Structures are given as C-alpha cells and as structure tokens.
Amino acid sequence: MNTNKTQWLQSIAEKSKTTVQQVENILLKHHIRPTPVMASPHRLTVNSLMFSGTKVDVAHPGPFKFVWEDLTGGLWSILSAKNFRGKSTIIEVIRWLLRGRPSSNLQEDVENWIEKAEMNIKIDNAYYSIGFEAKSSFKGRLTQRRENSDKATVLVEFFSADEFEAAMSDFFLRMFSMDSIVNWKNNRNEDELGSYISHDWCSFSGAMFIGTNYSSLLGEIPVNAGLTGRMLQMYLGMPWVSTIAAVKTAIKAEENTNRVDERLLAFNLEKNKKRAAEIKEKIETKQRELKALPSHDKVKNEMTELSQRLFADLKYQGTLTKQLSNFENVYAQAENDYQDDARALQTHIDSSAAGAIFRMLDPSCCPRCDIDIDVERRQREIDTHACSVCGETLTSEEDDFDVLKQLEDRKVASKKAFDKIKRKQKSTKDELKIVEKSNEQLQLRLDELANSSNNYQKQVDLKNEISKLQGMLEEVTKVPVPTAKISDELRILKGASAVTESLIKLYQVDLLKMVSERIVDYAKRFGMTNLQEAELKGNATLSLVKGSVTTSYSKVTDGEKLRLKVATVLAMLEVAESNGIGRHPGLLVIDSPAAQEVTQEDVDQIVSGLAGISKELPFLQVFVSGVNSPAIKKHIPAARSKEAVSDEYLW
Amino acid sequence: MRNAHRDAIKILYILNAGSTNFESDEFPDAVSVFKGEVRLQAFDFWIRYPDYLSLELLDLYDATGNTKYLEAVCDIVKNEEPDLRKIPMVRYLFGAYESLADALSILKSRKLIHVAGWYINPNFRDKKYLLTKKGRELCKTAVHNHPVLGWYNERAILVAEVAGNKGGMALKDIQYERADYAETKLGGIIPPVMADVLKRLDGYGNLGQS
C-alpha cells in the first residue's frame, strides 16, 4: 500500500511516456518532493501560560500578570461575567506564542502592554518552553527542558518578530511533519506572470482555533480555493498531500506561464506580422526607386559613346569652321576677281564703243593748238597705222574682238568660280550650323548623364538598403517554434498529478468515510439530533442529510456550524488516533461564541458533549472561553477554570 | 588710250547733261555752256561713285517723294553698279584734280567742244566748256550706234538732276561732307557706303535686289 519514491517515479514516467530521469529533472525543477509516508500523530499540550506587562491609558492603569499553571489534557474554561474582561487576550497570547505572530484579533494597545510572555508545552514526551520579552526590544527563545528538571537547552533564539515567526513555523512544521503547501495565484494582469504563495504554520495553526468566523469548516483557516482541502488531507495525515499540492501548483504555474507565453507569442507574432508588412513595403518602394535609376553601366556606355561622337563631331566642326574662314578669304578674292573681270569687260566695251565713235571722227584740228591736220598726215596714218595726232600705233578692230572675247571668257570664268565659292560657302555655313546645333545637344546630354552618374552611389546605397531590409524581413518572419520541452514538462507534471492523486484517493476515500461517520456521531452528541448523514469530501466541504433533507455545512445555522466544526476536529482526531495517523496536535481553543446565532444552550450542549469525549480522547486539550453559565460550570470544575466574577478582570 | 576714249564720251555726256543753253558770236557752233572745271569734277565724282550718288538720290526721294529717285537707286543696286563702274578718285577730295586733259583733247580735236575761259590769275583759269552742235548730235547718234554708251547718257542726266544749279564748290562741299562722315563711321578713304544705301532701301521696304 505504501508506495515508495521509486515506484512513484516509475509510475509517473510510464504515465507521461518518458524516462524516470526526465521526470526527476522536471520534479526537481519545480521543487516537488515525494511525501509517501503517512504522518503519525503528535500531541501538543499546553502546560502553563504566563504573560505580564503594564496597562496604560485605561481606567485602571498599572502592571498586570496572568499565570495559569499545571495545565493538562481535558477541558479548561476561561470565564467572565461581562465582556471585555480579557478572555480573548488569553486566547490570543496562546496563539501568539504558538504561531510566533499575534493575530489581528489581539488589540493593538493590549499587544503593546504585554512585556513578557511564556508558555510551557509538551509535544508527545518532550517538553518545550516558548517565551519572549518585548520591552524596549523584542527577543525570545525556544528551549527544550527535561521533565521535572530546570535544565533547559535553548533550541532557538530570536531577536525580532520575524525571527520569532520563522522559528515557530520551522519548529512546529518539523514537529508535526508538515510541509508548507504551495499555491499559485494568477496575476490580475493577464499578460503578467502570477506568483507562488506559500502557506505554512501560520495558516495551519488555524485548525486549532475556533473563533466567531464560521465560514470555514476547519478551524479559522481562511477559505482559499483548494487550501482547505489540502489542510484537511494534511491533518488527516494522508500522504502525498504537500506533493500533490506542489504538483498542482506547478501545473498552474506552468499553464499560467504557458498562457502568458502564448499571449506573448501571439502578441509578438502579430507585431512581427505588422513589422514584416512594413518592411515589405519599404523594400518594394526602394526596389521601385532602384529600377527608376538608370543602370550605371548603361549610363557609362552611353556616355562613352556620346563622348566619342562628340569628339569626332567637334573635330568636324573645327574643320568646317576652318573651311569657312578659308572660304571668306577665297570669297573676297573671288569676288574681287569677278568684279575686276566684270569691270574690265565693261570698261573694254565702253572704251571700244567710245573708241569707235572717235575713230569715226577724224580729228580735224590739233587738240592742243587747234591747227588743222592736213591730208598728208592723214594718209600717213593709213599707211603706217600711226596716229596722225600723236603718232601712236593704231590697232585694228579684229584685235578688239579678240580682247572682248578674252574678257568675256574671263568674266564668265571668274563668275563661275565666284558662284561656286558662294555656293560652297553657303553649304559649309549651313552644315556648320547643323553640326554646331547637334554638338550642343550632345554636350547637353553628356552633362545630363554626368549628373545622373552621380546616381551610381545612390544605386549602391539603395542596393545595400534593400539587402539590409531583406535580412530584417527574414528575421522577422522567422516563426519561433514553440519548444516541445514545454509540452513535455506539462505532460510530466500532469502525469505526476494523476499518479499522485490516485495514490491519495486510495487512502482518502476510506478515511473520509470514517471521519464522516464520526462527525454525525459527535454532532449528535452536541445536540444535533436530526443529523442523519454527513459526507466530508476531499475539498473540506460537508454535505449533510438533516431531517431527510439534503443540505450542507454552509447552509446551516451558526450554532449548528459550531457543533459541526468541533465535531469535525474531534472526528479527525479520533480516526487518526485509531488508525495511527494524522497531524492534528490535539489542541482546541474555542473562543466565546457570539450571542446572536449561537445560544448559551448551544455552548452548553457542546461543552457537555466535549466533557464526555475528553474521557475517550485523553490527549485532547480544549480551552473554552465564554460567559459564565451553569452548564459550563457543571462540566468544567473551578480548578480547571479562570474566572472573573462581576466586574473583575481576568488579568 | 581706250580709257581716254571712254572718258571722253563720259565727259561729253556730262557736259551735255549739265550745261545750259548758250549762244555766242565768238563760238558760233556752240549750243550750251558748262560752267567750271570744279563742277565738271564734281559731276565726274558722282558718275564714278554710284553709291554716293545713291545716297543723294535717296535724300531727293525723301525730300520730294518722287519714286523715280527710288527706282533709280534700285536700278543701281540691281546692276551691281557700285562695284562695276567705280573708278577711284581719291586725290580729288584732297584738292588735286583728276586729269581730264586727254579726254578733253579728244573732244576738242573733233570739234565737239570748245574750252573757253579767262585767266583770273596766272595759275587759275575760270573755264567754260562749250558744247558744239556737232557734239550734241554725237550724243544722240552714239547711243543709237552703241547702245552700251546709253548708260553714260542716262547717268549724266541723273547726276545733273542731283546737282541742280549748284556751283562746283557747293557740290564739292556736299560730296566732301558725305565722304567725311562715311570715313568717320567706316574708316578708310571714301569707303563704300553701299551698306547704308541698302539699309535705307530696306527702310522703304523696297530692296529690289536680285
């Protein structure tokens, strides 16, 4: 029946289809330890209680001291005629010393009055003492002492309230073989991780106290999802309680982490999708820009081609220009020649005509002296062809004609030459104009290209930017693969949960059945006669059949609740005792029930019932505080009572 | 010698165009008289510088609005005359006279003209050129026989119109001023002013150039 650690690990490994090593790793990671052993009960008894101090700011200020000694198992009562006589304080001091921390029920001013407190306790067969001084500073100690001996060994010393609490928690958890129960609380913000909450002795010790808060079945443990159930299991002494708590907590934590991780992943995916779209757009824009740029090679080629052309054309332009300037010289010359020839021709024509005229008119007198020219002279002219006036040789008309022809030919020739040159000059001029214009254009285009070749750098830059962006795009579109390890981990944890739960269930069912039966019994003894059935469940809920009506703990009256609470503790103690298991210390402190819902009759019934039970469970120690009543007095003798009569204070 | 003949004809037509009717007992065959050697020279200048003549003609057109002057300039331009018949007369404007002696001799010896005049002082003779009847008739027949010589006739008439009744010195002043202005503007000696003529013709929207 007792499953040991190895078997447990193997079961989990099988269940989660993995290796024992893997399981151990995961459990170690989440601080999950096996607790296979059923706890055997340890009994706590308060032997004595003392506290002292100085009252201030009250009607009756001054030092006080409370002492209660020789306490053993059984019933004890703290009574007063009126309220506010210090009953609660006594109970609170007990609580303070046990927990290492006062509860909020202890009034602050009272807390400040107390300067010293001490409690002797017995756990099984060992004797301990817890005490502190709280005058100017706080300090205290836990000592162990031998029975009937004054020799004491200091186990722990503490010098602050925190240290006190830690010391008590440490000590009692160890003494009662309890492990702190871990719980997981999700963060209110869904995107943030939750946190572990550890419940320890401070919470557990609530099982020993019954106050006026009836919401919880088990003592004054705050109602906390799942906690009460675990407490019940722990107090029942079942094994694997803290383990299952740890496993379930780890699962919650893991799921929470996963959820948070998932949310983060989804958020990141979304972000990445957006980013990817942005980057893609940027890439496209830049690619468009790049395309719009003329390729460097293309530009270079065109430039080379154009410069070559321009060079050739400029040379040609130079040639034409030189030709033109040559033409100018030639033109002038040709024009002159032509004009000369034309003039010469004209002159000749005119002269010939004029000559002819005058030749017709023979001079009849000497032009100089007007002396007439005689016939003889005239004849001589005809013979000698010498002019009768001046003696110069006369030329004939035939020569005249030759010369005319010559001159005409010359004129025609030079005109032809001149025309040719004029034509050539014009065409050269025209050609030059065209070439000049074309060269101008070439130059402009080259300048344009030169400017655009500055775009080469731009091209390089764009290309770089694009590859950078593409790299970024790759990064961003890389989908993170959810690690299989997470699902593995969760699988193992869930496997551990299943295995451990089933182990618990093995014990739980029987135990709970037994406890349930005893609850009915005790409740009846406390006066709940119409209670027929009770079923205590693993989550510390109690369903009832009362007068053939199915109901539950939460639905009954406070008076009935009080009975059931006490009954539950007693039932647990009894079952644990008879089975040799359980962790309840066997100490019960019942503070004054409020007068509204819980009547004096209720209290009386409970007390009578307890009186009878305490004989059956000799280790049980119960402190009951309340208003004086005959019933209580009947069952709890004065020797076992601290009483304040009429207006008295208990301390 | 050829040129002397041509010059003789030219002078003959000048005398023909620029003279006024005249009768004399001393020279019974004289029909008209051309007064002044300087005047003769002035006429000759305009014959020999058609572009300068054109400027005067354009002025006449501006003054009178008579299109015949404008047409005359157009004809001159059209026939490329300034270059064709220009005969430099540089020394004339500097005081020296062109030697017209040969031409005049030819005319004298054919009894086409008489050169008269008296010596105002031993160096200066105030000359008058008398055109004879024979000379006048030759003017008519020469053109008929050698139409090419018609140019001299027409041109002389045109020059006579430009000169009007002005005396030689007056004409010379006009010519000198024109030449001086052109020289200032264009440099050189009696520079060609054809460009000016063309510009002015252009202004009338009437180039008539081929």
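Everything below is about the structure printed above this text.
Residues numbered from 1 in each chain as written. Chains lettered and ligands numbered in written order. Predicted model: local features only at pLDDT ≥ 70, side-chain atom pairs only at ≥ 80, totals over all residues. Heavy atoms only, no water.

Description of the overall build of chain A
Across its full length, chain A carries 16 helices and 16 strands. Considering chain A as a whole, with its 651 residues, one finds that 45% of them fall into the buried category. Across chain A, the fraction of contacts at a sequence separation of at least 24, relative to all contacts at a separation of at least 6, is 70%. Carbon together with sulfur atoms contributes 51% to the accessible area of chain A, which is approximately 34700 Å² in total. (Helix = DSSP H or I, 4+ residues; strand = E, 2+ residues; numbered from the N terminus. Buried < 20%, exposed > 50% of the residue type's maximum accessible area, 1.4 Å probe, protein only. Contact = heavy atoms within 4.5 Å. Areas by Shrake-Rupley, 256 points an atom, 1.4 Å probe, with all protein chains shown as cover.)

What to know about the pairing of strand E15 (residues 621-627) of chain A
Residues and elements named next belong to chain A. By the criterion of burial, E15 is predominantly enclosed, with six of the seven residues buried. The pairing of strand E3 (residues 74-80) with E15 spans seven bridges and is parallel. Paired with Leu-79 across the bridge in E15 is Gly-626. In the sheet, strand E14 (residues 587-590) pairs with E15 via four bridges, with the strands oriented parallel. Each residue of the ladder has a partner; that of Val-589, found in E15, is Phe-623. (Pairing = 2+ DSSP bridges.)

A closer look at helix H9 (residues 150-163) of chain B
Residue and element names in this part refer to chain B. Helix length check: H9 (14 residues) gives 20 Å between terminal C-alpha atoms against 20 Å at 1.5 Å per residue, within 8%. Within H9, 10 of the 14 residues are buried, leaving the element largely enclosed by the surrounding structure. Positive phi appears at Gly-164, one or two residues downstream of H9, with a value of about 65°. (Expected span 1.5 Å × (residues − 1).)

Concerning the packing of aromatic side chains
Per the stated rule, a full pass over the model turns up 25 aromatic pairs over all chains. Within the aromatic cluster, the residues linked to one another by ring pairs are A:Phe51, A:Phe64, A:Phe66, A:Trp68, A:Trp76 and A:Phe623. Positioned over the ring face of A:Tyr522 is A:Arg518, at 5.3 Å from the centre of the ring. It is B:Arg39 that lies over the ring of B:Phe34; its NZ or CZ is 5.1 Å from the centre. (Phe/Tyr/Trp six-rings, centres within 6.5 Å; stacked < 30°, edge-to-face > 60°. Lys NZ or Arg CZ within 6 Å of the ring centre and 35° of its normal.)

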